[in-house]
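# Chain and residue survey
Residues per chain are reported as follows:
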Amino acid sequence: MEADADQQHGPGTLDVFHPATGQVVGQVSTTSPDDVHEAVERSKRAQVEWSRKSWPERKAVLRNLWAILSSDADGWADLIRDEIGKPRSETLGEVMMGLDGIRWTVKKGHIALREEWFGAGWQRALLISGGRLGHRPLGVIGIIGTWNYPFFLNAPAIAQALAAGNGVVWKPSELALRCGQRLQAAMDRAGFPEGLVSAVYGGAEVGKALTDANIQKGVFTGGLESGRHVLQTLAGRGIPAIAELSGFDPAIVLDDAPLESTARALAWGAFVGTGQTCVAVKRIYVVGDPAPWVEKVAGIARSLRVGNPSIDVVDLGPMISRMARDRFHQRIGRAIEVGATLVCGGESLPGEGSFYAPTVLTSTIDGVEPILEGVFGPVVLIRGMPDVNSAIHAANASAFGLAASVWGKNWRRLRGVAQHLEAGQVTFNDVVTPSGNASAPFGGTKASGFGRIHGIAGLREFTTPQAILGRRAGGFRPQVFPYRPGVEKLLTWYRRFFHPSA
Ligand code: NAD
């Protein structure tokens, strides 16, 4: 049977497709809304016990998870290649970055979670006490995942939520079901309390059931439109969220950037994961003449091998589905209609899978970017800019603000540009791979979302700060009835001394 990954499935089951062939390669049972709610309640019950465990106890189970996943790294690389359709050198890289994220949590999680002391400073004059800041678990975290990095975007975030003492109910993307099952199977073996972490399977309706359930925080990774539905539901119930949404990442190329190495890195940054990478380069703003850059990047794009990574050595696999490819192709067509020039690509490639030629566009007008904004596929737009300020202005003109990169030799100039860019992550002479830095908080600004995953900031997202303040039993305290004249005298002195201009 041949079908499209976006086609309907039977009630209660989801078909699993190979994106490079369109063939159905399996089926997965979906979770009913009642079972989603029950999974959350079960997780909540287990979480009470888990949250009381010491860090060494939690760490031991997380370490087991890390060991189980790392012993299966090759199997994971094969599975992601076959389910998402990416070359193995990319999928093995993804697995390494995901394992690094878990390793970071095992080794450094306690730093983010340990209590911190804060003093009272000058307020001691009023006998205000100092205290401790604790990072307490929230309860059950509901995680709705996407398909493009099914290991890297799910495993470290789940591990961090658990490390902080929470339960997790998570929904892998309906386009990465086998990866979801494999990750859940590893967690089932790791030794977490029964029911603490479980996966629910299905499409938007199962995601909706999860956002309606008794979770204490939501994590959504995906497109802007569905993200807004999820965020509205959660906000209506006063539930906080991390939103990892679409991007439209700019690269600013300064006039001293070396052509050959920079163009190679930019072409890779544009087409890695068949351009279906949230931090892929989508816009290149060249300060000066763009012609040599267009020629170089297009030359590389034309040379890329597109095909089925499960059987051939290729640089790019298929797009995730035919529907995604059709929508993508329409956007390229509209961009050309409004004034973009097609340099190469711009067409579907023959074959059973949803292959698309790596596409390079140029333009001299401002109307093309709004058409391409948030596009998810193998395309990059290259434009010349008269000066650095115009390039910064063009980069910031997008509603999105996930990541941005700046290319050139002079560090002061690079830093100068970086501080004006509206993006959750800015990189110099590098792209995509820095998102794998396990210490670096990852996430966007503006329409690309809010909240962070990874590193200390990411781990603390799964906690609520708790201030603990107090003083020794007994002893003098001015704040008691009946008020004595001395109290007002003290406050008046305090005002004069510490707030003299007030
Ligand atoms: P999508 O929004 O279609 O789906 C994402 C997830 O949300 C899926 O699990 C889906 O089942 C679920 N979902 C959809 N509608 C829902 C609803 N109304 N209620 C609850 N759940 C719902 O996105 P996708 O196709 O999986 O992913 C592609 C998008 O993800 C791209 O736009 C890409 O830029 C973005 N992305 C962002 C990041 C990031 O870290 N910022 C990372 C990867 C991908």
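The structure under discussion appears in the preceding block.
Below is a short write-up of the structure. These numbers come from a predicted model, not from an experiment. (Residues numbered from 1 in each chain as written. Predicted model: local features only at pLDDT ≥ 70, side-chain atom pairs only at ≥ 80, totals over all residues. Heavy atoms only, no water.)

The next thing to look at is the sheet that holds strand β13 (residues 359-362). Within the open sheet, the 7 strands sit side by side as β12-β13-β14-β11-β10-β16-β17. Their pairing is mixed. The strands lining the two open edges of the sheet, one partner per strand, are β12 (341-344) and β17 (425-428). Neighbour-to-neighbour, the strand axes of this sheet turn through a mean angle of 25°, independent of strand direction. Of the pairings in the sheet, the one linking strand β10 (residues 249-253) to strand β16 (residues 403-407) comprises 3 bridges and is parallel in character. Each residue of the ladder has a partner; that of isoleucine 252, found in β16, is valine 406. Strand contacts of helix α10 (residues 291-303): β10, β11 (281-287), β12, β13 and β14 (379-385), with the helix running at about 50° to β12, the strand carrying the most contacts. Taken strand by strand, helix α13 (residues 388-396) contacts β10, β11 and β14, and its axis lies near 165° from that of β11. (Pairing = 2+ DSSP bridges. Helix = DSSP H or I, 4+ residues; strand = E, 2+ residues; numbered from the N terminus. Axes fitted to C-alpha atoms, helices over the stretch in contact; angles between N-to-C directions. Contact = heavy atoms within 4.5 Å.)

Evaluation of the coordinates by the stated rule reveals 0 disulfides. Free of any disulfide, cysteine 278 has its nearest cysteine sulfur in cysteine 179, 16 Å distant. (Disulfide = S-S within 2.5 Å.)

On to the sheet that holds strand β20 (residues 463-469), then. A sheet is described by the order of its strands in space; here 3 strands give the open sequence β3-β4-β20, paired in antiparallel fashion. Each having just a single partner strand, β3 (116-118) and β20 make up the two edges of the open sheet. For this sheet, the mean angle separating the axes of adjacent strands, direction not counted, is 30°. As paired elements, strand β4 (residues 131-137) and β20 share 7 bridges and run antiparallel to each other. In the sheet register, arginine 132 faces β20, and the bridge partner there is isoleucine 468.

In terms of residue burial, strand β8 (residues 217-221) counts as a mostly covered element, since 5 of its 5 residues are buried. Of the two faces of β8, both are covered, the one formed by Lys217, Val219 and Thr221 as well as the one formed by Gly218 and Phe220. Bridging between strand β5 (residues 140-144) and β8 involves 4 bridges; their strand directions are parallel. Considered in β8, the bridge of isoleucine 144 is made with phenylalanine 220. In this structure, β8 lies alongside strand β9 (residues 241-244), joined through 4 bridges in parallel fashion. From the neighbouring strand, glycine 218 faces β9, where its bridge partner is alanine 241. In terms of handedness, the path from β8 via helix α8 (residues 224-236) over to β9 forms a crossover that is right-handed. (Buried < 20%, exposed > 50% of the residue type's maximum accessible area, 1.4 Å probe, protein only. Right-handed = clockwise from strand over helix to strand, strands pointing away.)

Further remarks concern the side chain of serine 398. Structurally, serine 398 is set in the loop between α13 and β15 (400-401). Taking the relative accessible area as the measure of exposure, serine 398 reaches 5% and is therefore buried. Polar side-chain contacts of serine 398 include one of 2.8 Å to the side chain of glutamate 373. In this structure the side chain of serine 398 is engaged in a polar contact, spanning 2.9 Å, whose partner is the backbone nitrogen of phenylalanine 400. Here serine 398 is in contact with Phe248, Arg283, Glu373 and Lys446, once residues within four sequence places are set aside. (Polar contact = N/O pair within 3.5 Å; in protein donor to acceptor, adjacent residues only side chain to side chain.)

With that settled, the discussion passes to the packing of aromatic side chains. Inspection of every chain in the model, using the stated rule, returns 11 aromatic pairs. Taken together, a centroid distance of 5.5 Å and an interplanar angle of 70° make the contact between tryptophan 50 and phenylalanine 192 edge-to-face. Placement of the pair is tryptophan 50 in helix α1 (residues 33-51) and phenylalanine 192 in the loop between α6 (177-190) and β7 (197-199), with a sequence separation of 142 residues. Seen from their ring centres, tryptophan 493 and phenylalanine 498 are 6.0 Å apart, and the 85° between their planes marks the pair as edge-to-face. If you follow lysine 86 out to its NZ or CZ, it ends over the ring of tyrosine 149, 3.4 Å from the centre. (Phe/Tyr/Trp six-rings, centres within 6.5 Å; stacked < 30°, edge-to-face > 60°. Lys NZ or Arg CZ within 6 Å of the ring centre and 35° of its normal.)

Turning our attention to α1. One full turn of an α-helix is made of 3.6 residues, so residues set three or four places apart face in the same direction. For α1, with 19 residues, the first-to-last C-alpha span of 26 Å sits near the 27 Å given by 1.5 Å per residue. All of the buried residues in α1 are Val36, Ala39, Val40, Ser43, Ala46, Gln47 and Trp50. (Expected span 1.5 Å × (residues − 1).)

Moving on: unusual backbone geometry. Cis geometry marks the peptide bond from phenylalanine 481 to proline 482; its omega dihedral reads -10°. In this structure, proline 482 sits in the loop between β20 and α16 (485-498). The phi angle at asparagine 429 is positive, at roughly 50°, despite the residue not being glycine. In this fold, asparagine 429 is placed in the loop between β17 and β18 (445-446).

Relative to the elements of secondary structure, leucine 69 occurs in helix α2 (residues 55-71). Each C-alpha atom of the pair leucine 69 and arginine 412 lies 41 Å from the other, and the pair is 343 residues apart in sequence.

Let us now look at the nonpolar core. Counting 57 residues, the largest nonpolar core has Leu69, Ile158, Leu162, Val168, Trp170 and Phe192 as its most contacted members. The contact partners of tryptophan 170, leaving out residues within four places of it in the chain, are Ile143, Asn154, Ile158, Gly180, Leu183, Gln184, Met187, Val197, Ser198, Ala199, Val200 and Leu210. Ranked by size, the runner-up nonpolar core spans 36 residues in total, among them Ala157, Val253, Ala270 and Ile284. (Core = buried A, V, L, I, M, F, W, Y, C linked by side-chain atoms within 4.5 Å.)

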